[in-house]
Amino acid sequence: MPKNKKNTKKTIGRKFEAIHRSRELAVQFLYSLDIYPAQEFNSSLELFFNLEENANDSPEVKRRSRDLILQVSNRRNEIDGILLRVVTGWTPDRMVSVDRSILRLMLFEGFLEKTLPVRSAITEAVRLGNDFGTKNSARFINGVMFKLKEFFEKENQENNNNNENGNGNSDSIRSGE
């Protein structure tokens, strides 16, 4: 392999690992918010990023993680509403907290903001489940992510059909209609 191709591959690998690390931090903080909801958000976030195990993370990793945490936190009700519609028999409050945190993050990134392809969101959610969850987390998360994929595909198809007929409501997913 030519040297420049090898360096490019290393750079891409480091970039993906940095993005993964920012998601790890986001999951950890979202989990802590779930367990201790009364904590003061901003001061807890600063303390979290200054913990010894997080102190060596790059400013870019911390910035990206902070952005994810803020965005997911701001849209938590919307995200939980979607989970309620998709996951039958498991309300968000019955899920394992870390699984719930992973699902909130990856639903946000993969389906609401679409900052990564759905398949990548599913893969990343399973990876985070393996890293942080119980022995059954990865399988549960994988199943929920595929249900989310089917749900959004169906919603998009219905919206497309309604738009073709001139009576579409493109906000039906977010408004809960």
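For the structure, check the block above.
Since the structure is predicted, the reported quantities are computational estimates derived from the model, not experimental observations. (Residues numbered from 1 in each chain as written. Predicted model: local features only at pLDDT ≥ 70, side-chain atom pairs only at ≥ 80, totals over all residues. Heavy atoms only, no water.)

Q: For this particular structure, what's the right way to read the pattern of salt bridges?
A: The full count for this structure, using the stated rule, is 18 salt bridges. For Arg104, the salt bridge goes to Asp34, with nearest N and O atoms at 3.1 Å. With Arg104 in helix 5 (residues 97-112) and Asp34 in helix 1 (residues 3-35), this residue pair connects regions lying 70 residues apart in the sequence. In this pair, the class of Arg104 matches that of Asp34, namely buried. What you see here is one network of salt bridges that share partners, running through Asp34, Arg76, Asp80, Arg100 and Arg104. (Salt bridge = Lys/Arg side-chain N within 4 Å of Asp/Glu carboxyl O. Helix = DSSP H or I, 4+ residues; strand = E, 2+ residues; numbered from the N terminus. Buried < 20%, exposed > 50% of the residue type's maximum accessible area, 1.4 Å probe, protein only.)

Q: I tried to follow unusual backbone geometry on my own but got confused; where do I start?
A: The phi torsion of most residues other than glycine is negative, and most of the peptide bonds are trans. The phi dihedral of Lys114 falls on the positive side, at around 55°, and the residue is not glycine. Take Lys114: it is sitting in the loop between helix 5 and helix 6 (118-132).

Q: How do you make sense of helix 7 (residues 137-164) when you look at a structure like this?
A: A turn of α-helix holds 3.6 residues, and therefore any two residues three or four places apart point the same way. Its 28 residues give helix 7 an end-to-end C-alpha distance of 40 Å, which sits within 8% of 40 Å, the value for a rise of 1.5 Å per residue. Inspection of helix 7 places Ser137, Ala138, Ile141, Val144, Met145, Leu148, Phe151, Phe152, Glu155 and Asn159 among the buried residues, and these make up the whole buried set. (Expected span 1.5 Å × (residues − 1).)

Q: I would appreciate a short explanation of the nonpolar core in the present structure.
A: Side chains that are nonpolar tend, in soluble globular proteins, to be buried together. Core analysis: the biggest nonpolar cluster contains 39 residues, and Ile82, Leu83, Ile102, Leu105, Met106, Met145 and Leu148 have the highest contact counts within it. Among the elements of the structure, helix 1, helix 2 (41-50), helix 3 (59-74), helix 4 (76-86), helix 5, helix 6 and helix 7 are those that each provide at least two residues to this core. A per-element tally of this core places helix 5 first, with 9 residues. Among residues more than four places away in sequence, those in contact with Leu105 are Arg23, Ala26, Val27, Leu30, Leu68, Val72 and Leu128. (Core = buried A, V, L, I, M, F, W, Y, C linked by side-chain atoms within 4.5 Å. Contact = heavy atoms within 4.5 Å.)

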